[in-house]
Structures are given as C-alpha cells and as structure tokens.
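# Report on the structure
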Amino acid sequence: MPGTGPVPAKVMVIGEAPGEEENWVGQPFVGRSGEELNRLLASAGIDRSRAYLSNVIKHWPGPGNPTPNIKMVRACTPWLLREIEIVNPDIIITVGATAAKVLVATANLRKDHGVGRVVEVCGRERVLYPMYHPAEGMHAPKLLPVIRSDFLNIGTIARSPLVEIIDNLVL
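Predicted, not measured: the structure shown is a model, and the values here were computed from it.

### What about the overall build of the protein chain?
Along its length, the protein chain carries eight helices and five strands. Each helix (α) and strand (β) of the protein chain, taken in turn from the N terminus, gives the series β-α-α-β-α-β-α-α-β-β-α-α-α. Against the compact-globule benchmark of 16 Å for 171 residues, the protein chain has a radius of gyration of 15 Å, which places it among compact chains. Referenced to the eigenvectors of the C-alpha coordinate spread, the extents of the protein chain come out at roughly 45 × 35 × 30 Å. Approximately 8600 Å² of the protein chain is accessible, and the part contributed by carbon and sulfur atoms is 54%. Taking the average place of the 18 positive charges on the side chains of the protein chain and the average place of its 17 negative ones, the gap between the two points comes to 3 Å.

### Focus: the pattern of salt bridges
For the structure on display, the rule yields five salt bridges. When the shortest N-O distance is used, the salt bridge between Glu36 and Arg39 registers 2.9 Å. Here the residue Glu36 and the residue Arg39 both occupy positions in helix α2 (residues 32-43), the gap between them amounting to three residues, near one helical turn. The residue Glu83 makes a salt bridge to Lys58 at a minimum N-O spacing of 2.5 Å. With a gap of 25 residues between them, Glu83 in helix α3 (residues 70-87) and Lys58 in the loop between β2 (51-55) and α3 connect regions that are remote in the sequence. Both residues of the pair, Glu83 and Lys58, belong to the buried class. Each of Glu36, Arg39 and Arg148 takes part in one network of salt bridges that share partners.

### Here's the deal with the environment of Met72
Looking at the secondary structure, you find Met72 in helix α3. Met72 has contacts with Ile57, His59 and Pro61, leaving out every residue within four places of it along the chain.

### Focus: the sheet that holds β2
Ordered by their spatial adjacency, five strands build an open sheet running β2-β1-β3-β5-β4, and the pairing between neighbours is mixed. Looking at which strands have only one partner, the edges of the open sheet turn out to be β2 and β4 (117-121). Strand-to-strand, the axes of this sheet are offset by a mean angle of 30°, without reference to chain direction. Here strand β1 (residues 11-15) runs beside β2; their pairing, made up of five bridges, is parallel. Looking across to β2, one finds that Met12 is bridged to Tyr52. α3 contacts β1, β2, β3 (91-95), β4 and β5 (124-131) of the sheet and is inclined by roughly 165° relative to β1.

### Re the nonpolar core
Ranked by size, the top nonpolar core spans 23 residues in total, and within it Val13, Ile93 and Phe151 carry the most contacts. Secondary-structure elements contributing two or more residues to this core are β1, α2, β2, β3, β5 and α7 (144-158). For Phe151, the residues in contact, after removing those within four places along its chain, are Leu37, Leu40, Leu41, Ser43, Ala44, Ile93, Val95 and Met131. Counting residues in hydrophobic clusters, the runner-up holds 21 residues, among them Ile84, Ala99, Ala100 and Val104.

### A word on unusual backbone geometry
In this model, Val7 is joined to Pro8 through a cis peptide bond whose omega is 0°. Relative to the helices and strands, Pro8 is located in the segment before β1. Of note, Phe29 is a non-glycine position whose phi angle comes to about 55°, a positive value. Within the secondary structure, Phe29 is located in the loop between α1 (20-25) and α2.

### Considering the layout of surface pockets
Reported here for the largest pocket is a volume of approximately 570 Å³. Along its surface, the largest pocket is lined by 24 residues, and Gly19, Ser33, Asn65, His133 and Ala135 are the ones closest to its centre. Of all the secondary structure elements, the ones that give two or more residues to the lining of the largest pocket are α1, α2 and α6 (134-139). Examining the composition of the lining of the largest pocket, we find that four residues originate from one element, α6, more than from any other. Residue composition of the lining of the largest pocket, grouped by class: 10 nonpolar, eight polar and six charged.

Conventions adopted
- Residues numbered from 1 in each chain as written.
- Predicted model: local features only at pLDDT ≥ 70, side-chain atom pairs only at ≥ 80, totals over all residues.
- Heavy atoms only, no water.
- Helix = DSSP H or I, 4+ residues; strand = E, 2+ residues; numbered from the N terminus.
- Rg over C-alpha atoms; globule rule 2.2 N^0.38 Å.
- Areas by Shrake-Rupley, 256 points an atom, 1.4 Å probe, with all protein chains shown as cover.
- Lys, Arg positive; Asp, Glu negative; His and termini not counted.
- Charge placed at Lys NZ, Arg CZ, Asp CG, Glu CD.
- Salt bridge = Lys/Arg side-chain N within 4 Å of Asp/Glu carboxyl O.
- Buried < 20%, exposed > 50% of the residue type's maximum accessible area, 1.4 Å probe, protein only.
- Contact = heavy atoms within 4.5 Å.
- Pairing = 2+ DSSP bridges.
- Axes fitted to C-alpha atoms, helices over the stretch in contact; angles between N-to-C directions.
- Core = buried A, V, L, I, M, F, W, Y, C linked by side-chain atoms within 4.5 Å.
- 1 Å grid on protein atoms, 1.4 Å probe; cavity = no way out; pocket = protein on both sides within 12 Å on 5 of 7 lines; lining within 4 Å.
- Points joined across faces, edges and corners; volume = space filled by probe spheres on them.
- Nonpolar A, V, L, I, M, F, W, Y, C, P; charged D, E, K, R; others polar.

In structure tokens:
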C-alpha cells in the first residue's frame, strides 16, 4: 500500500506496517491508532492533510499484526526509500522501532524517542524524530504522557525553517 499525502511534503510520518483496518481501506493510519496520530499531530500544530503518511512494510503482515520480520523489511525498504526521495521531506517522524531502525540502524527508541537529530537519508540531511507508535500509548497508558510531550516538541521544530532546525540540534 502506498502512502498518502501531498508531494512534496515538509513532514513525513513513517509507521511499521498497515493494520487490518488500513488493509481494507487502502490507506495508512486510518484505524484507532490513526485517530490518535491525528490528535498528536494536531497538538504539534501539524495538519495531517499537509503531512505525507506511509509505512515501512507496504502490506498487512497478517492476523494479530505481528512485528514484520527482517525479510519483509528488506523487501520493502527500497520502496520506502524511493518514496522518501519523491516526497522529499525536511522532517521524518518515525513511529515505532521498526521505522526508526530502517533509517538509523542503531536507533534505540527507549533512549532516542522525542529527540530530533539530523541524519542523511536519500542523499540529503533531514531531521529524524523517532517516536513511540500511537498504538503503544493505547496499549500502555503510562506512555501516553511521554508520547504527547514528544509530539509537542516536534511542533516547535516543524514550524521552524530547516536551517534553524539543523543549527539548533545537537549533532
């Protein structure tokens, strides 16, 4: 399933894989976690209709939404990278560990969540914001305040010109 949103877009959100509802609708982030993502983006001052949303895995991994295996990730990564080239975002928000690790192999969501950093993706510098997936907050309510706080921080970055973003981040 391809992503949805404007091309080009300043902000791109990348999740792990479509869920069952997304599989039926044919669009990413339309289920319950999509509704929560809408609220989180709105709290950050990011209009979902102006962001491009996609997933690493381009198909539903099956009943129970299992974590995609390495074979699935390797098979779908070239499509994701091409999508990033076409969308050409300044800011990439990854939701979930799988999406973060595709772009930065050493990403550790527990320590890196909510911290923007400049990385080279598809031949140019972009700000990468690894975040917990909204579904994680729905399954572990103690994470919700952390996720909400992280998204509020993204709002500050998303409203800044890229040059200012890069100058203000610790590399």
